[in-house]
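Coordinate inspection notes
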Amino acid sequence: MKAVMYHYVRPAPVDLPYLRYLHVDDFRRQLDHFEATDRLIGRDEFLAILDGAPVPPDGIVLTFDDGLRDHHDHVLPELIRRNAVGLFYVPTGPHVTSTLLGVHRIHALLGRFGGVRMMAELEPHLADMSLEFEGRESFATGTYGNQENDQATLTFKRTLNFFAGSEQQAALLDRLMAELLDEASLVESFYASRDQLRALRDAGMLVGSHTVTHPVMSKLDRAAQEMELRSSFETLDGILGRSEPRHYCHPYGGDVSFNRTTEELLAEAGARFAWSVESRDVEESDLRERPFALPRYDCNEFPHGAARGRSAT
């Protein structure tokens, strides 16, 4: 069974010309390709696999990260039409604070201005900060998998997501957002609303946790990780009602982005499985031996999955 990961799926975003996204027409073409070469898994079959049914070698399950409005507006109609299940992963912080998460502030800035401009804007703010660059390059590199980014965009992301501490990241993004964007106007356009999440559930989709604030979990101590998991599941329960199975997706993905503590806490929270990022099929041994680190492919590894967006160079 192949699991495939998606983020932004939309028509061309006029206001975010540098955003890396999968055009909804390419998404449809990719689903056509999957149906022609393999087959899309439905809800009942996927739940049966979790309960011990054989893992089909030709099955494909589709996963969607970040709780985006794209998923309700553009993905859901296609999945309903094809009788396929989608697994949607929601960082719950925006549903409590009505603000953009740090990861999406980064996407918004890069999407509006591109990596070259944003590195030029960021560098003057770094002079008075001591960031932990030494020894972190392999860590940062290991979390981006097969994403397609130019070097300036990668540097901007790595600096803020991995080299900066959480307080440093927030301070830097506060400055950049205040100088460059109207953040309040972006929240509704980025995230699926509570009603839209309920529409996903009512259509038979599976909605799971993607933490509260989308942190690099391996950088947090046990108490902070537990808060991220417990609070996210509780918020989702409040929005959707308690639904089984509980499931989860690691922010950023890759083994360096979470640790054994994360997996232990997921088990304690009653989760059945969790997705990482690793370019290989899901085997029955994965579900039995390490269900909280299941592999996924990026959609850009398959025909019609290449991201669009203007080059920053």
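Every value quoted in this text rests on a predicted model; they were computed, and no experiment measured them.

1. With respect to the side chain of Thr211
As for its placement among the helices and strands, Thr211 is situated in the loop between β7 (206-209) and α12 (222-240). A residue is classified by how much of its surface remains accessible, and Thr211, at 0% relative accessible area, is buried. There is a polar contact of 2.8 Å between the side chain of Thr211 and the backbone nitrogen of His214. Not counting chain neighbours up to four residues away, the residues in contact with Thr211 comprise Val90, Pro91, Thr92, Met217, Glu228, Ser232, Tyr248 and Pro251.

2. Considering the pairing of strand β6 (residues 86-90)
Among the five residues of β6, five are classified as buried, and the element is accordingly described as predominantly covered. Here β6 shows two buried faces, one formed by Gly86, Phe88 and Val90 and the other by Leu87 and Tyr89. Bridging between strand β5 (residues 59-65) and β6 involves four bridges; their strand directions are parallel. Residue pairing for β6: Leu62 is matched across the bridge by Gly86. Taken together, β5, helix α3 (residues 69-82) and β6 form a β-α-β motif whose crossover is right-handed. As defined by bridge partners, β6 adjoins β7 across four bridges and the pair is classed as parallel. Pairing of Phe88 across the sheet is with Val207, part of β7.

3. Structural notes on the packing of helix α5 (residues 102-113) against helix α8 (residues 151-163)
The description of two packed helices rests on the angle between their axes and on the distance between the axes. Two elements in contact, α5 and α8, have axes whose closest approach is 11 Å; the angle formed by their N-to-C orientations is 155°. Of the possible angle classes, the one that applies to α5 and α8 is roughly antiparallel. Handedness of the crossing formed by α5 with α8: right-handed. Seen from α5, the contacting residues are Ile106, His107, Leu109 and Leu110; seen from α8, they are Thr153, Phe156, Lys157, Leu160 and Asn161.

Rules of the game
Residues numbered from 1 in each chain as written. Predicted model: local features only at pLDDT ≥ 70, side-chain atom pairs only at ≥ 80, totals over all residues. Heavy atoms only, no water. Helix = DSSP H or I, 4+ residues; strand = E, 2+ residues; numbered from the N terminus. Buried < 20%, exposed > 50% of the residue type's maximum accessible area, 1.4 Å probe, protein only. Polar contact = N/O pair within 3.5 Å; in protein donor to acceptor, adjacent residues only side chain to side chain. Contact = heavy atoms within 4.5 Å. Pairing = 2+ DSSP bridges. Right-handed = clockwise from strand over helix to strand, strands pointing away. Axes fitted to C-alpha atoms, helices over the stretch in contact; angles between N-to-C directions. Parallel < 35°, antiparallel > 145°, perpendicular 65-115°, else oblique. Left-handed = near helix turned anticlockwise from the far one by under 90°.

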